[in-house]
Amino acid sequence: MKILVVNAGSSSIKYQVIDMTDESVLAVGLVDRVGIPGSTLKHEPAGKEAVVIKQDLPDHTAGMELVLEVLVNPEYGVVKSMDEIGAVGHRTVHGGEAFAQSVVIDDEVKKVIRDCIDIAPLHNPPNLMGIEACQKLMPNVKHVGVFDTAFHQTMEPANYMYALPYEVYEEYRVRRYGFHGTSHYYVSHRAADMLGKKFEDCKIITLHLGNGASMAAIKDGKVVDTSMGFTPLEGLVMGTRSGDIDPGIVFYLMDKLGMNPAEANNYFNKKSGLLGLSGVSNDMRDIEEAANNGNARAQIALEVYYNHVKGYIGNYFAKLNGCDCIVFTAGVGENGIDIRRHICEDLDALGIKMDVEKNKVRGKEVDVATEDSRVRIFVIPTNEELVIARDTYRLAK
Ligand SMILES: Nc1ncnc2c1ncn2[C@@H]1O[C@H](COP(=O)(O)OP(=O)(O)O)[C@@H](O)[C@H]1O
Ligand SMILES: CC(=O)OP(=O)(O)O
Ligand SMILES: [Mg+2]
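Residues numbered from 1 in each chain as written. Chains lettered and ligands numbered in written order. Predicted model: local features only at pLDDT ≥ 70, side-chain atom pairs only at ≥ 80, totals over all residues. Heavy atoms only, no water.

1. Topic: the overall build of the protein chain
Summing up its helical and strand segments, the protein chain has 14 helices and 14 strands in all. Computed over its C-alpha atoms, the radius of gyration of the protein chain comes to 21 Å, within 12% of the 21 Å expected for a compact globule of 397 residues. Expressed as lengths along the three principal axes of its C-alpha atoms, the size of the protein chain is roughly 60 × 55 × 45 Å. When each of the 397 residues of the protein chain is scored for burial, the buried share is 53%. Of the contacts made within the protein chain by residues no fewer than 6 positions apart, 61% connect residues no fewer than 24 positions apart. Within the structure as shown, the protein chain displays about 17,800 Å² of accessible surface, and the carbon and sulfur contribution to it stands at 50%. Of the side chains in the protein chain, 42 bear a positive and 55 a negative charge, and the two mean positions are spaced by 2 Å. (Helix = DSSP H or I, 4+ residues; strand = E, 2+ residues; numbered from the N terminus. Rg over C-alpha atoms; globule rule 2.2 N^0.38 Å. Buried < 20%, exposed > 50% of the residue type's maximum accessible area, 1.4 Å probe, protein only. Contact = heavy atoms within 4.5 Å. Areas by Shrake-Rupley, 256 points an atom, 1.4 Å probe, with all protein chains shown as cover. Lys, Arg positive; Asp, Glu negative; His and termini not counted. Charge placed at Lys NZ, Arg CZ, Asp CG, Glu CD.)

Next comes the structure, spelled out in structure tokens:
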């Protein structure tokens, strides 16, 4: 069976077609600037040259229509007709407490995703648009929702409850959920393989450092804690998100800058983080370049970034009572050689010692710890699409 995997963001649609007979990737693609003039689709069929199509796409349905056209194109398509696609797997960010597993999407499931829009305003609306566009265009196949929150549902109340009046948990489900679960799941299982141990016997700290960034502490096959919380705003410094701050700042700046709640939400989610601190960019490569050229704000942005990550390593070390390995993944984690080096600097008291020569790698599964490091340091490229395809296949076949 061939599976279409869809990750619909607010102005983008990422997709892959995976043949489950051997899990080979037949095509990957990205539709950019959905709903913004100047939309483009970049389609990369395996073993062939990439195709770029420029065509304005007013909404996600128009974007998905173009994707489906491209997939069956006689020249650069990867299937003869859409009948060859057996099921569609959708990355879905917030599933609240409803899903600890992936599910076949029906009206009930869509209602839960809709109900969570309030608490995932950046992610759930485009996810839902992607699902509805695909259901309209492919009504006869199963659509499976794979939730960022699912893997973290093993957390105990000690780690998922906030010290707020208990009623807000009961009435509004205000608690910590955690995100990027599909990625933490994938890399932690790969890490157990690299350790040569059963997943259930490992203590693992995973660092998903992308544009959005989060960490997880995993023990006995369960997530003990993770850095994102009620929304994907908590935790590490991200491209445009502040991560942990004193919540008092929110009220103070709402007053000083005259922001209403929606404006404040936008401020801490989209104008903060590396972008806000540096004034340069949300992209880590730009920040590093600016810092190397002497930009003091970019340098501070990097130092704050490292500091948050180091803090969580210590936090999770304590919560796990030690750890077998830490795992770097996602765009920055897989490629940021200097970033990884700075994060691991002066952690030898915890038994974390990096071999800086071995660390000079990008996008490969490697152990970059010294021989005598008590804790292994793995670089593991994440593969959320493969996890989504596997779950979709399991539920659809
Ligand atoms: N060679 C590199 N060095 C440092 N950071 C990198 C490198 N390549 C990519 N990145 C960073 O990875 C981030 C994007 O990560 P990614 O996991 O693709 O994000 P997302 O999926 O959240 O869009 C960007 O900040 C980008 O700068
Ligand atoms: C949940 C989340 O932060 O996702 P992303 O990194 O794709 O923004
Ligand atoms: Mg990502």
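2. A word on the site of ligand 2
Contacts to ligand 2 come from Arg91, Val93, His123, Asp148, Phe179, His180, Gly212, Met228, Pro232 and Arg241. His180 places a polar side-chain atom, nitrogen or oxygen, 2.8 Å from an oxygen atom of ligand 2. The side chain of Arg241 places a nitrogen or oxygen atom 2.8 Å from an oxygen atom of ligand 2. In the complex, 82% of the free accessible area of ligand 2, which totals 260 Å², lies under the protein chains. Cavity membership is defined here by more than half of the atoms lying within 2 Å of grid points; on that basis ligand 2 lies in the largest pocket. Residues belonging to the shell around ligand 2 are distributed by class as follows: 4 nonpolar, 3 polar and 3 charged. (Near = heavy atom within 4 Å. Polar contact = N/O pair within 3.5 Å; in protein donor to acceptor, adjacent residues only side chain to side chain. 1 Å grid on protein atoms, 1.4 Å probe; cavity = no way out; pocket = protein on both sides within 12 Å on 5 of 7 lines; lining within 4 Å. Sits in = over half its atoms within 2 Å of the grid points. Nonpolar A, V, L, I, M, F, W, Y, C, P; charged D, E, K, R; others polar.)

3. As for the packing of aromatic side chains
As enumerated under the stated definition, the model contains 7 aromatic pairs in all. The interplanar angle of 35 degrees and the centroid separation of 6.4 Å between the aromatic rings of Tyr177 and Phe230 together place this pair among those described as tilted. Linking Tyr177 in the loop between helix H5 (166–172) and helix H6 (181–195) with Phe230 in the loop between strand E11 (222–226) and helix H7 (248–256), this pair joins segments that are 53 residues apart in sequence. One exposure class covers both Tyr177 and Phe230, and it is buried. (Phe/Tyr/Trp six-rings, centres within 6.5 Å; stacked < 30°, edge-to-face > 60°.)

4. Brief notes about the nonpolar core
The nonpolar side chains of soluble globular proteins are, as a tendency, buried together. Core analysis: the largest hydrophobic core is formed by 50 residues, its most contacted members being Leu209, Tyr305 and Ile326. The set of elements that each furnish at least two residues to this core consists of strand E9 (203–209), strand E10 (213–219), helix H10 (284–292), helix H11 (296–320), strand E12 (325–329), helix H13 (337–344) and strand E14 (376–379). Broken down by element, this core gets its largest block of residues, 11 residues, from H11. For Tyr305, the contacting residues outside a window of four places in its chain are Leu209, Val237, Leu274, Met284, Val332 and Ile339. Listed in part, the 29 residues of the second largest apolar core include Ala8, Val31, Val34 and Val67. (Core = buried A, V, L, I, M, F, W, Y, C linked by side-chain atoms within 4.5 Å.)

5. Focus: the sheet that holds E11
Sheet architecture is open: 6 strands sit in the order E11-E10-E9-E12-E14-E13, paired in mixed fashion. Each end of this open sheet is capped by a strand with a single partner; those strands are E11 and strand E13 (366–367). The pairing of E12 with E14 spans 4 bridges and is parallel. By the bridge assignment for E14, Ile326 is matched with Ile377. Contacting E9, E10, E12, E13 and E14, H6 crosses the sheet at an angle of about 135 degrees to E9. (Pairing = 2+ DSSP bridges. Axes fitted to C-alpha atoms, helices over the stretch in contact; angles between N-to-C directions.)

6. Here we look at the site of ligand 1
Every one of the 14 residues lining ligand 1 counts as a neighbour, but Asn211, Asp283, Met284, Arg285 and Gly331 are closest to it. Within the backbone of Asn211, an N or O atom sits 3.2 Å from an oxygen atom of ligand 1. Note that an oxygen atom of ligand 1 is positioned 2.4 Å from one of the side-chain N or O atoms of Asp283. Bound to the protein, ligand 1 loses 71% of the 580 Å² it would expose on its own. Among the cavities detected, the one that contains ligand 1 is the largest pocket. When residues of the shell around ligand 1 are traced back to their parent elements, those giving at least two are H10 and helix H12 (330–335). Examining the composition of the shell around ligand 1, we find that 4 residues originate from one element, H12, more than from any other. The residue inventory of the shell around ligand 1, partitioned by class, reads 3 nonpolar, 6 polar and 5 charged.

7. What to know about the packing of H11 against H13
In contact at an axis separation of 9 Å, H11 and H13 are set at 55 degrees when each is read in the N-to-C sense. Viewed along their axes, H11 and H13 adopt a mutual orientation that is oblique. As for how H11 packs across H13, the hand of that crossing is right-handed. Residue-level contacts link Leu302, Tyr305, Tyr306, Val309, Lys310 and Ile313 of H11 to Asp338, Ile339, His342 and Ile343 of H13. (Parallel < 35°, antiparallel > 145°, perpendicular 65-115°, else oblique. Left-handed = near helix turned anticlockwise from the far one by under 90°.)

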